[in-house]
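Structural characterization, general
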Amino acid sequence: RGGAEKLLPLEMDAAPPPAAQHQHPPQQPYHERQSFLNCGKHTLNSLVGEHWATTELLHEVAQKLRQEHATAAGHDTLVNPYHHWAGAWVGNWDIMVLCEALKRRQMAVTQHVVFNPAAPARLEEALAELCAALAEVRGGRGETGSPTCCRRHHYPNTVAYPLQPACPLSSQPETVGIILNRESRNWFLKMISGHHWYALARETEQNASTGQVRHVWYNKDSNLRTPEVVGDGFADAVAAYVRSGATTVAMQAFLVQRKPQSGGESG
């Protein structure tokens, strides 16, 4: 679930030197600011890069999930458990609402990264799998032009922690971004919702002088005034960001990928 909260940027494992910092383009990526407890809605729109997910759409999804739950349990609930008890206008959307909404854009949550203090090694394994997915682009080459781009942290070979995809994904799904969920640190917000949703989104940018195209990762937290580049903008910086959050503020990460379009299919 999510709530409004003023968040400080997470510390990276190693800050890149000033020369390596990515220069922001004149036009910033699409971004939405926080309203009520609608960080889940803002997260979806940040991922797709437009104002697509509305309160009405998410309420429709939540109602469908409620009906399915009532059918399976044999009884209904007093309030809809998939958003705030006061009504959909408040927000506080459940992860199931976000996942179901993503299906409408041919997207799926394909990996879940969470830190278990009792098994810390599994976090590194999950991060290696995540980093491999982040580095993947069409043609199977990494964002730095090599098969993998996570050389800084020397992640070991890993096992995956997949979730059931919303739709069948080919061998080369397109990585859209990451949905993050972190615990609220404000005691009042902990009583209201307890958690905050936001997105790390991969944007495609072109160098004006060289014409070279690259993928840049942005933090699109709705509590930020504008999106901020994650580290140097590459996938290994994103993995380091997720590791730091997972081990310090109980952050969970959900990798979002898009099914490649085929003939006669629309997104």
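Worth saying up front: this structure is predicted, and the values here are computed from it rather than measured.

Next up on the list: the overall build of the protein. Each helix and strand in the protein was counted, giving six helices and six strands. Element order for the protein, N to C, with α for helix and β for strand: α-α-α-β-α-β-α-β-β-β-α-β. Across the 267 residues of the protein, 50% fall into the buried class. In the protein, once contacts between residues fewer than 6 apart in sequence are set aside, the share between residues at least 24 apart is 70%. Surface exposure of the protein reaches about 13200 Å², of which carbon and sulfur atoms provide 55%.

Judged by side-chain polarity, L78, V79 and W85 come together as a nonpolar surface patch covering roughly 420 Å² of accessible area. The topology assignment puts L78 in the loop between helix 2 (55-73) and helix 3 (95-103).

With that out of the way, let us pick up the environment of V238. By the element assignment, V238 lies in helix 6 (residues 235-248). Given the relative accessible area of 0%, V238 is considered buried. For the pair formed by V238 and W217, sequence separation is 21 residues and the distance between their alpha carbons is 7.3 Å. The residues contacting V238, other than those within four sequence positions of it, are L134, I178, L200, W217 and V230.

On to the packing of aromatic side chains, then. According to the stated counting rule, one finds two aromatic pairs in the structure shown. Judged by centre distance (6.0 Å) and plane angle (55 degrees), the rings of W197 and F254 are tilted. A residue pair is termed long-range when its members are at least 10 positions apart, and W197 in strand 3 (residues 195-206) and F254 in strand 6 (residues 252-258) qualify at 57 residues. Classification of W197 as buried rests on a relative accessible area of 2%. Here F254 falls in the buried class, since its relative accessible area comes to 6%. In this arrangement the basic side chain of R105 is found over the ring face of W52, its NZ or CZ atom lying 5.2 Å from the centre. Sitting above the plane of the F234 ring, R214 keeps its charged end 4.3 Å from the centroid.

Turning next to the environment of A133. Relative to the elements of secondary structure, A133 occurs in helix 4 (residues 120-135). A133 gets classed as buried once you look at its relative accessible area, which sits at 15%. Between the C-alpha atom of A133 and that of T175, which follows or precedes it by 42 residues, the distance is 7.1 Å. Filtering out sequence-adjacent residues up to four positions away, A133 remains in contact with T175, L255 and Q257.

Another point: the sheet that holds strand 1 (residues 107-113). Sheet architecture is open: six strands sit in the order 1-6-2-3-4-5, paired in antiparallel fashion. The strands lining the two open edges of the sheet, one partner per strand, are strand 1 and strand 5 (228-229). In the packing of helix 1 (residues 39-48) onto the sheet, the strands contacted are strand 1, strand 2 (174-183), strand 3 and strand 6, and the crossing angle to strand 3 comes to about 10 degrees. Contacting strand 1, strand 2, strand 3 and strand 6, helix 3 runs over the sheet at an angle of about 140 degrees to strand 1.

Calculation notes
- Residues numbered from 1 in each chain as written.
- Predicted model: local features only at pLDDT ≥ 70, side-chain atom pairs only at ≥ 80, totals over all residues.
- Heavy atoms only, no water.
- Helix = DSSP H or I, 4+ residues; strand = E, 2+ residues; numbered from the N terminus.
- Buried < 20%, exposed > 50% of the residue type's maximum accessible area, 1.4 Å probe, protein only.
- Contact = heavy atoms within 4.5 Å.
- Areas by Shrake-Rupley, 256 points an atom, 1.4 Å probe, with all protein chains shown as cover.
- Patch = residues over 30% accessible without salt bridge, like charges linked within 9 Å, V, L, I, M, F, W, Y side chains within 5 Å.
- Salt bridge = Lys/Arg side-chain N within 4 Å of Asp/Glu carboxyl O.
- Phe/Tyr/Trp six-rings, centres within 6.5 Å; stacked < 30°, edge-to-face > 60°.
- Lys NZ or Arg CZ within 6 Å of the ring centre and 35° of its normal.
- Pairing = 2+ DSSP bridges.
- Axes fitted to C-alpha atoms, helices over the stretch in contact; angles between N-to-C directions.

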